[in-house]
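Working through the structure, step by step
In case you want the letters, here they are:
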Amino acid sequence: MVVSLTFEKAASSAPGKVILFGEHFVVYDKPAIVSAINLRARVEAWRYGRSGVWIEYRMLVDHPSTKAVEYILEKTGFMSGIRLKILSKIPASVGLGSSASVSVASAASASLISLGRIDRELVEKAALEGEKIVHINPSGIDTTIAICGGTGIYRRSRGFNPIDIPLKKILIIDTGKTRRTGEMVNRVREFSEKNKDRFREILSREEELINDVLDAFKSLDLEKLGKLMLVNQSLLREVGVSSLEIEEAIKLALDAGAYGAKLTGAGGGGCIICLADEDKIEKISKSISNKFKVYLTELSAEGLREEKI
Ligand code: MEV
């Protein structure tokens, strides 16, 4: 007789992310460089007597975790319900991949309960189902980095390719303005439909830029990387996903001595990342922190992992 070891309760966690270069254009199958950060979402799960997916005793039909866990239950033929508790340190709706990490950790905990192990391939598919609620047409970059961790180049048609980068930390500035990723993705789609030729040029400029970034990583050229961030930002501005807050935060960072800065994630508000020498980071943080929230985060954090419960 085969007895499968499933769990009554389980927990897992997944990191948030910053897209260093290439957001939005990645939806159109251009490469992007993405890194996991040391802010994590933890999801605890219990086998539950009532059927369906429960988040803290409530059924939230349009929640990414609900969709992700429903997918796991359906594919594994699990008969009981699942109750989840979400504990996330990642600020939501500001470009740091909170919904993807929560979806990934929810799916992973459900996988532990229904299969007794984390089936990463299944978790990836499940989390992408969860992401569709938020992103409409997700490229998969956020869920992939939440699972794999580290830093890498992501391309929709080719998946994730890990790379080593010389940056260990990055300064994140949160403009405090939340927005919906799906709306931002739609905004770029509208731009692309109205400006077909220009959009093609922008996509090929972005692809060249990623190659220049990889060269600058190799030669540890922070000044060049900073300039490339500003070029990336100008392309994002042109397709309509910057905002007054983003531009203001970038200006403050540059005035305080950053090499470069750009929005990260979907834009329209949310966070910017800024690149500076370590000895300037404190000065930049100080000059910005009376206006915006600042986080100094570590890059290349660990991906999805099972946690003790
Ligand atoms: C959001 O973190 C990144 C976007 O490129 C959307 C996506 O790739 O799914 C804006």
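Attention in this report is confined to the structure presented alongside it. (Residues numbered from 1 in each chain as written. Predicted model: local features only at pLDDT ≥ 70, side-chain atom pairs only at ≥ 80, totals over all residues. Heavy atoms only, no water.)

1. Regarding the side chain of Ser 98
Here Ser 98 is to be found in helix H2 (residues 98-115). Excluding residues that lie within four positions of it along the chain, Ser 98 makes contacts with Ile 90, Pro 91 and Ala 92. (Helix = DSSP H or I, 4+ residues; strand = E, 2+ residues; numbered from the N terminus. Contact = heavy atoms within 4.5 Å.)

2. Quick word on the site of the ligand
Neighbouring the ligand are 13 residues, the closest being Lys 17, His 24, His 135, Ser 139 and Asp 142. In the environment of the ligand, an oxygen atom lies 3.0 Å from a nitrogen or oxygen atom belonging to the side chain of Lys 17. The separation between an oxygen atom of the ligand and a polar side-chain atom of Asp 142 is 2.9 Å. Protein chains shield 98% of the accessible area of the ligand, which is 300 Å² for the free molecule. Those elements that place two or more of their residues in the shell around the ligand are strand E1 (9-21) and helix H4 (141-148). Across the shell around the ligand, the residue classes tally to six nonpolar, four polar and three charged. (Near = heavy atom within 4 Å. Polar contact = N/O pair within 3.5 Å; in protein donor to acceptor, adjacent residues only side chain to side chain. Areas by Shrake-Rupley, 256 points an atom, 1.4 Å probe, with all protein chains shown as cover. Nonpolar A, V, L, I, M, F, W, Y, C, P; charged D, E, K, R; others polar.)

3. A word on the sheet that holds strand E8 (residues 260-264)
Strands sit in the order E8-E9-E7-E10 across an open sheet of four strands; the sheet is antiparallel. At either end of the open sheet lies a strand with only one pairing partner, and these are E8 and strand E10 (293-298). Each adjacent strand pair in this sheet contributes to an overall mean axis angle of 30°, direction not counted. The pairing of strand E7 (residues 169-174) with strand E9 (residues 271-275) spans four bridges and is classified as antiparallel. Residue pairing in the sheet places Asp 174 in a bridge with Cys 271 of E9. Against the sheet, helix H8 (residues 244-255) contacts E7, E8 and E9, and its axis sits at roughly 155° relative to E8. (Pairing = 2+ DSSP bridges. Axes fitted to C-alpha atoms, helices over the stretch in contact; angles between N-to-C directions.)

Coordinates in, geometry out; function isn't part of it.
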